[in-house]
Amino acid sequence: MIAPLRRAALVLAVAATALLTLATPAAAHGADAPDGTDYRATISGVDPDRPGLTARMVEAGARLELTNDTGAEVTVFGYSGEPYLRIGPGGVYENTHSPAAYLNRTLAGETRLPAEANPAAAPDWRRIDDGPTARWHDQRTLWREEAPPAAVAADPDREHRVRDWAVPLRAGDTAGAVRGTLDWVPPPDPYPWWVAATLGFLLIGAAGLAPGGTAAGVRALRGVGALLAVGGAATVALTVARALDTGAPGVGGTLAELVTGQVWTLLTGLGALAAGGYALARRPAADFVLALAGACLTLFAGATNLAALSRAIPPAAGPATLVRVLVVLGLATGAGAVAAGLLRLRTAARAARPTPHPTPTP
């Protein structure tokens, strides 16, 4: 059996490795899907108003989604008035000569345009999806400047209408547009959320001070296990909310997003639930399991979602306050389980040391 101190060292090594491996994917994904924003993009209507032609904002407003179930083709126009997308019964087609086809691939819109990107050229259609739904970063719905609008800079503590926007389209022979608004929403004060997470961490971590093998130690172990399970359940709920915000269609699309784009966070939440049950059952090496599951929960569920505590619009479906509660639960219970598990391992290591016997005096 691995010695308690070696288990503690293994927990720290796994946590450090997870943090390093997490950094690169997060940075790469951040250019496409924001961790949160203070700009709220809202759909106000679709013209022409036809059954089956619907639009919504997904990924915290980073993408515009247009679904066409009318049975007739709909054409979306780019920034120079050129045909950009064609959505119809045959799927989604992209005009490779439209500059929007390249600019809209990233949230920043900084893609270098190839030579064939010419809005005056005849459309060259390329099929990019089989379904009736297209999602893209449309610069008309976003605030791309680093500096906020003048009205926001003058009074950042209240909401401001930044602009009304329209994305032109044609449904059959009828010209129309997806219309919406862009508003500045004051960000929340992150201080109370950090206080709540810190207090939760300290209270849960303090349970590790109860000596193992005693009645108090058993109750503490079970308490930490139960709270870690709560954090795991909160993380699973947060993962589902993030999957729903990507615009994944139906139950099948949501499940596909969970096992692809959200797989690590989902596995972390499920692992914390299992570790909590393991500790409640007082299984062998429960302290090590708690610390390891808590470290993963802190990194994959807490650290990766910290922006939700300081951004008005988090990238998750549901009320923003509820999203922040789920993040704090994952962060506090994960970090608290790490502290409690390491303290209990340290206490076990001390108890396992042989007691030195005094050397007899000749």
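As a reminder, the structure under discussion sits directly above these lines.
Residues numbered from 1 in each chain as written. Predicted model: local features only at pLDDT ≥ 70, side-chain atom pairs only at ≥ 80, totals over all residues. Heavy atoms only, no water.

Re the overall build of the protein
The helix and strand tally for the protein stands at nine helices and ten strands. Going through the 362 residues of the protein one by one, you find that 46% of them count as buried. Intrachain contacts of the protein at a sequence separation of at least 6 include 68% that bridge at least 24 residues. As presented, the protein carries roughly 17700 Å² of accessible surface, and 62% of it is formed by carbon and sulfur atoms. (Helix = DSSP H or I, 4+ residues; strand = E, 2+ residues; numbered from the N terminus. Buried < 20%, exposed > 50% of the residue type's maximum accessible area, 1.4 Å probe, protein only. Contact = heavy atoms within 4.5 Å. Areas by Shrake-Rupley, 256 points an atom, 1.4 Å probe, with all protein chains shown as cover.)

So, the sheet that holds strand β8 (residues 133-136)
The three strands lie next to each other as β2-β3-β8, forming an open sheet whose pairing is antiparallel. Each edge of the open sheet is held by one strand with a lone partner, namely β2 (53-58) and β8. Averaged over all adjacent pairs, the angle separating strand axes in this sheet is 15°, with direction ignored. With six bridges connecting them, β2 and strand β3 (residues 63-68) associate as antiparallel partners. Considered in β3, the bridge of Thr54 is made with Thr67. (Pairing = 2+ DSSP bridges. Axes fitted to C-alpha atoms, helices over the stretch in contact; angles between N-to-C directions.)

Concerning the sheet that holds strand β7 (residues 125-129)
Strand order in this open sheet of seven strands is β1-β10-β9-β4-β5-β6-β7, and the pairing throughout is antiparallel. Where the open sheet ends on each side, the last strands, each with one partner, are β1 (39-47) and β7. Pairs of neighbouring strands in the sheet enclose a mean axial angle of 25°, with direction left out of account.

Considering the pattern of salt bridges
Applying the stated rule across the entire model yields 14 salt bridges. Among the salt bridges present, the one from Glu159 reaches Arg40, with a minimum N-O distance of 2.9 Å. In this pair, Glu159 sits in the loop between α3 (150-154) and β9 (160-171) while Arg40 sits in strand β1, placing the two residues 119 residues apart along the sequence. A salt bridge links Asp287 to Arg344, with the shortest nitrogen-to-oxygen separation between them at 2.6 Å. In this pair, Asp287 is assigned in helix α8 (residues 286-302) and Arg344 in helix α9 (residues 320-352), connecting sequence segments 57 residues apart. We classify Arg344 as buried; its relative accessible area is 11%. Connected through salt bridges with shared partners, the residues Arg56, Glu65 and Arg135 form a single ionic network. (Salt bridge = Lys/Arg side-chain N within 4 Å of Asp/Glu carboxyl O.)

Remarks on the packing of aromatic side chains
Counted under the stated rule, the structure contains four aromatic pairs. Ring centres 6.3 Å apart and planes at 20° place the aromatic pair Tyr39 and Trp143 in the stacked group. With Tyr39 in strand β1 and Trp143 in the loop between β8 and α3, this pair connects stretches of sequence that are 104 residues apart. By relative accessible area, Trp143 is classed as partly exposed at 24%. An aromatic cluster of at least three residues, connected via ring pairs, comprises Tyr39, Trp143 and Trp184. (Phe/Tyr/Trp six-rings, centres within 6.5 Å; stacked < 30°, edge-to-face > 60°.)

Quick word on the environment of Leu182
Relative to the assigned elements, Leu182 resides in strand β10 (residues 174-184). Assessed through its relative accessible area of 1%, Leu182 is described here as buried. Taking the C-alpha atoms as reference points, Leu182 and Val162, separated by 20 residues in sequence, lie 5.5 Å from one another. Other than its neighbours up to four places away in sequence, Leu182 contacts Tyr39, Arg40, Ala41, Thr141, Leu142, Trp143, His160, Arg161, Val162, Arg163 and Trp165.

Brief notes about the packing of helix α5 (residues 215-245) against helix α6 (residues 250-258)
In a pair of packed helices, the angle between the axes and the distance between the axes together describe the arrangement. It is the contact of α5 with α6, at a shortest axis distance of 9 Å, that shows an interaxial angle of 115°. Once α5 is placed against α6, the crossing between them reads as right-handed. Residues Thr239, Val240, Ala243 and Leu244 of α5 lie in contact with α6, whose contacting residues are Thr254, Glu257 and Leu258. Considered class by class, the residues forming the contact of α5 with α6 number four nonpolar, two polar and one charged. (Left-handed = near helix turned anticlockwise from the far one by under 90°. Nonpolar A, V, L, I, M, F, W, Y, C, P; charged D, E, K, R; others polar.)

A few points about the pairing of strand β6 (residues 91-95)
Every regular strand shows the same layout, with side chains that alternate between the two sheet faces. The buried count for β6 comes to five of five residues, which makes it a mostly enclosed element. Both β6 and β7 contribute to a ladder of four bridges, which runs antiparallel. In the strand pairing of β7, Glu94 is matched with Arg126.

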